[in-house]
Amino acid sequence: GLNLQAPPTMGMSTRDQAVAARNASRQLQNLSSEDRAALLYAIADALEANEDAIMRENEKDIAAAEAADTESHLLNRLKMKPGKIAQLAAGARQIADMEEPLGRQLSKMKVADGLTLEQVTAPLGVLLIIFESRPDALPQIASLAIRSGNGLLLKGGKEATKTNAILHKIIVDCMPAFGVDRECIVLVEGREAVSDILALHDVVDLVIPRGSNSLVSYISNNTKIPVLGHADGVCHMYLDPNADVAMAAKLAVDSKTDYPAACNALETLLVHKSLIGKGKDGYEAVAAALVAAGCTLHGGARAEKALKLPACPAPRHEYGNLGLTVEIVDDMNQAIDYIHANGSGHTECIITNDKAAAEEFLRRVDSACVFHNASTRFSDGFRFGLGAEVGISTSRIHARGPVGVEGLLTTRWLCRGDGHFVEKDTGVKYTHQKLPLDANLAHKVATGLGWAVGIANAVHLGLMLWKMATKK
């Protein structure tokens, strides 16, 4: 079994832990791409091998949370469901198999004769992830950090203490075999106040909060560290006059009930006025499907009166349960204005068979994710094929929407010269000529070789056939 002794960083100050994480992250960056991938494969195997132990610790956390009368949606997020470990291991392997994110050339330029400049991808450095309840966020984020060469400080909610501790131990125990210190990923534990960590803006490069609106707002208001995240997920679905009603019913139910506590769950259904009162061919069929699925419908200002619904708590409201706001709109313009006025810029969707209307909606709605005829639940790093996600960003700088490994990278400039100097720009003759990227060059060479080999083979085959023909 696993020996759950205190991690090596216990007793160190949070600042020292952050510095240790940065030093260890440099060891991680020095590994070859293959070794970082192999480390992730080792972690995936270790997670699967220790599934029973993880579930036992998770059950202890759940029992403690139930005894403390924790809210049901938080309990739901805390519980590691059957198959979850296999999914987390699959996610780690998917991230291991992805294209190498570090040192990727983005641009290359001949600044002057003999002086070249390239821009390449690089890790951000040390990330601080603060997450509530969801222990499954820990291996996802750790996998992304390892692939991208970042150090990590993790601060989990007290309700998941035991689950987080065992997941952290399983992951960091795989590191020394690859020459990386365990401190590369630090689980900040004990009485260390979040406010103390948020003061470390000189040693932490990015903070990613995963949790309630109040947590995200608190962090954004109390740190100088850049914050990547979103406070709320108030997602809208607009039923256009040309909506396929059966599809609308299915997608509204999926968007709302698949995981009501998620940030990509549907909160507001906007219905074109022409669909009201059409029974099985309109809004009523969609409402019936939602109610049959256990949803409670609330009305916006218009729908409350027209559809005799209880009033919604506010036009912008994230239920986090099976509650849903319905509102009636005159046209797409009104729907889009409503979304911009009351949404959180997360995910919006239009249901319609009118391609032109769909394209207009996709173009005009200013949210991180905008969908046509697809459930809002697709707004997710794993479903987007990013391997996993560190979070979903509704801010506009650096990263937006589901953030995978790309959001954990920055860039560096590498300049190669041969005694070049500036001397008030008299000592150099600038060419500023864009050069093809090395990867593209290799591809072109390979393609050229492919053509050359193909032509040579064709000529060779032609000659053979000609010789055979002439022998006859």
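The following paragraphs examine the structure supplied in this document. Since the model is a prediction, treat every value here as computed from it, not as a measurement.

Regarding the sheet that holds strand β8 (residues 266–272)
Within a beta sheet, neighbouring strands are joined by backbone hydrogen bonds and run either parallel or antiparallel to one another. Here six strands make up an open sheet; going across it, the order is β9-β10-β8-β7-β11-β12 and the pairing parallel. Edge positions in the open sheet fall to β9 (296–299) and β12 (369–372), since each of these has one partner strand only. Across the sheet, the axes of successive neighbouring strands diverge by a mean angle of 25°, strand direction being ignored. Along the sheet face, helix α13 (residues 332–342) touches β7 (235–239), β8, β10 (323–329) and β11 (347–351) and points at about 175° away from the line of β7.

Some thoughts on the side chain of R377
Along the chain, R377 falls in the loop between β12 and β13 (391–393). A relative accessible area of 8% places R377 in the buried class. For R377, the residues in contact, after removing those within four places along its chain, are D254, S255, D258, Y259, A262, N264 and R383.

A short note on the side chain of N164
Tracing the backbone shows N164 in helix α7 (residues 161–172). Take N164: its relative accessible area is 3%, and that puts it in the buried class. Not counting residues up to four positions away in its chain, the partners in contact with N164 are F131, P135, L138, G156, G157 and L187.

Topic: the pattern of salt bridges
Within this structure, the stated rule accounts for 24 salt bridges. One salt bridge in this structure joins E100 and R36, with 3.1 Å as the shortest N-O distance. Pair noted here: E100 is in the loop between α5 (84–97) and β1 (105–112) and R36 is in helix α2 (residues 33–49), with a separation of 64 residues, a long-range link. Residues K273 and D330 are paired through a salt bridge, measuring 3.9 Å at the closest nitrogen-oxygen approach. Remark: D330 occurs in the loop between β10 and α13 and K273 occurs in the loop between β8 and α11 (283–292); sequence separation between them is 57 residues. Here the residues in one salt-bridge network are R36, E100 and R147, joined through shared partners.

Description of the state of the cysteines
In this structure the tally under the stated criterion is zero disulfides. The thiol of C369 is unpaired, and the distance to the nearest cysteine sulfur, on C235, comes to 8.5 Å. For C369, a relative accessible area of 4% corresponds to the buried category.

Quick look at the environment of F382
Tracing the backbone through its elements, the reader meets F382 in the loop between β12 and β13. For F382, a relative accessible area of 38% translates into the label partly exposed. Residues F382 and Q94 lie 288 residues apart in sequence; the distance between their C-alpha atoms is 9.6 Å.

Calculation criteria
- Residues numbered from 1 in each chain as written.
- Predicted model: local features only at pLDDT ≥ 70, side-chain atom pairs only at ≥ 80, totals over all residues.
- Heavy atoms only, no water.
- Pairing = 2+ DSSP bridges.
- Helix = DSSP H or I, 4+ residues; strand = E, 2+ residues; numbered from the N terminus.
- Axes fitted to C-alpha atoms, helices over the stretch in contact; angles between N-to-C directions.
- Contact = heavy atoms within 4.5 Å.
- Buried < 20%, exposed > 50% of the residue type's maximum accessible area, 1.4 Å probe, protein only.
- Salt bridge = Lys/Arg side-chain N within 4 Å of Asp/Glu carboxyl O.
- Disulfide = S-S within 2.5 Å.

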